[in-house]
Amino acid sequence: MKPENRTFIISGGCSGLGLATARDLHKAGAYVSLLDLNSGAGEKIVKELGERSRFFEVDVSDTASVEKAVNGSMEWVQRTGKEVGGVIAAAGVGGAAKIFDARSESPVPISQIDFVMNINLRGTLDLIRLVVPHMVKNKPTVPDNERGVLIMVSSSAAFDGQPGQVAYAASKGAIASLTLPLARDLARHGIRAVTIAPSLFESAMTAMLPEKARKSLERVMEFPIRPGKPEEFSSLVLQSIENTMLNGTVLRLDGGMRMPSKM
Ligand SMILES: NC(=O)c1ccc[n+]([C@@H]2O[C@H](COP(=O)([O-])OP(=O)(O)OC[C@H]3O[C@@H](n4cnc5c(N)ncnc54)[C@H](O)[C@@H]3O)[C@@H](O)[C@H]2O)c1
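Treat the numbers as computed from the prediction; the structure is a model and nothing was measured.

1. Digging into the side chain of Asp36
Tracing the chain through its elements places Asp36 in strand 2 (residues 31-36). Of the side chains with opposite charge, Arg23 lies nearest to the buried Asp36, which makes no salt bridge, at 12 Å. Apart from residues lying up to four places away in sequence, Asp36 is in contact with Gly12, Gly13, Cys14, Ser15, Phe55, Phe56, Glu57 and Val58.

This is how it looks when you write it as structure tokens:
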């Protein structure tokens, strides 16, 4: 599917991987609806991108908030006549904590697990669940009867989660696991599902990474020996939109890196 003259709903679209995707999709002639907590950045980005962009302040872990943003996006779609070509669910949080903290001799608070799962997993599914009923009404493309594509963001942590990543790895592993059943559920409607699993990429999230953790990751990088760039992520999103044969799959985007157990 060509992104041009279609609308894409991008959660986490105001920073890092989501923002690079928004910029590249916009450059490719798409309309972008940015859903993010960060309203300051949202207003700025929409001003920068101009006419084919909208911002909706959203907490993806709150269904009412997601519903409001999806409805707002759909009103915009009705006005422009540019159907929703897909969702890029890039909103996410880290949140390192071991299941048992030896110093305080206490387990990780369940609220911390809920926080990560509610944003990374529930937030992704909730957004997709609310957008799909609109996408199934799209005019099918020729010759494949395609109606759109759902792109989710997993992580290397889904496969080789490090100490302290139980909740994060669980959320990203679930995203990887749900990709195939999602594609199977929606195949009859001509909607594809693709998940990208990046390793260490430059973003606001990884800028907070302690130096020790960054160094330990650099030691196990194969090639290239550097973090990925947000544009390298967004170029795979564009390819996932354009290449109809990509479906029900998890694409590792990691330069061959496997994360180590020890820092
Ligand atoms: N950067 C990496 O190295 C890396 C690696 C693997 C996976 N990922 C995943 O990629 C995705 C994007 O991460 P990033 O690195 O660009 O991080 P980032 O912090 O730069 O961007 C995340 C965006 O999500 C938004 N967000 C956070 N919580 C939200 C909520 N509850 N509701 C709405 N928006 C919310 C933030 O405001 C921010 O704009 C995440 O799912 C992350 O887990 C990142």
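Here the narrative resumes.
2. So, the pattern of salt bridges
Applying the stated criterion across every chain, the model contains 11 salt bridges. The residue Arg23 makes a salt bridge to Glu48 at a minimum N-O spacing of 2.8 Å. Of this pair, Arg23 sits in helix 1 (residues 16-27) while Glu48 sits in helix 2 (residues 39-49); the two residues are 25 residues apart in sequence, bridging distant segments of the chain. By relative accessible area, which is 34% here, Arg23 ends up partly exposed.

3. What to know about the UniProt feature "domain: Ketoreductase" (unreviewed entry) in the protein
What UniProt calls "domain: Ketoreductase" (unreviewed entry) maps, in this numbering, to residues 6-199. As annotated, residues 6-199 has a helix share of 47% and a strand share of 21%, and its two end C-alpha atoms lie 29 Å apart.

4. A closer look at the packing of helix 3 (residues 63-80) against helix 4 (residues 110-135)
As a packed pair, helix 3 and helix 4 sit with axes 10 Å apart at the nearest point and diverge in direction by 35°. Helix 4 is crossed by helix 3, and the crossing has right-handed handedness. Only Arg122, Asp126, Leu127, Arg129, Leu130, Val131 and His134 of helix 4 make contact with helix 3, whose side of the interface consists of Thr63, Val66, Glu67, Val70 and Met74. Residue classes in the contact of helix 3 with helix 4 are distributed as six nonpolar, two polar and four charged.

Thresholds, definitions, all that
Residues numbered from 1 in each chain as written. Predicted model: local features only at pLDDT ≥ 70, side-chain atom pairs only at ≥ 80, totals over all residues. Heavy atoms only, no water. Helix = DSSP H or I, 4+ residues; strand = E, 2+ residues; numbered from the N terminus. Buried < 20%, exposed > 50% of the residue type's maximum accessible area, 1.4 Å probe, protein only. Lys, Arg positive; Asp, Glu negative; His and termini not counted. Salt bridge = Lys/Arg side-chain N within 4 Å of Asp/Glu carboxyl O. Contact = heavy atoms within 4.5 Å. UniProt positions renumbered as here; feature names shortened; annotations may be inferred. Axes fitted to C-alpha atoms, helices over the stretch in contact; angles between N-to-C directions. Left-handed = near helix turned anticlockwise from the far one by under 90°. Nonpolar A, V, L, I, M, F, W, Y, C, P; charged D, E, K, R; others polar.

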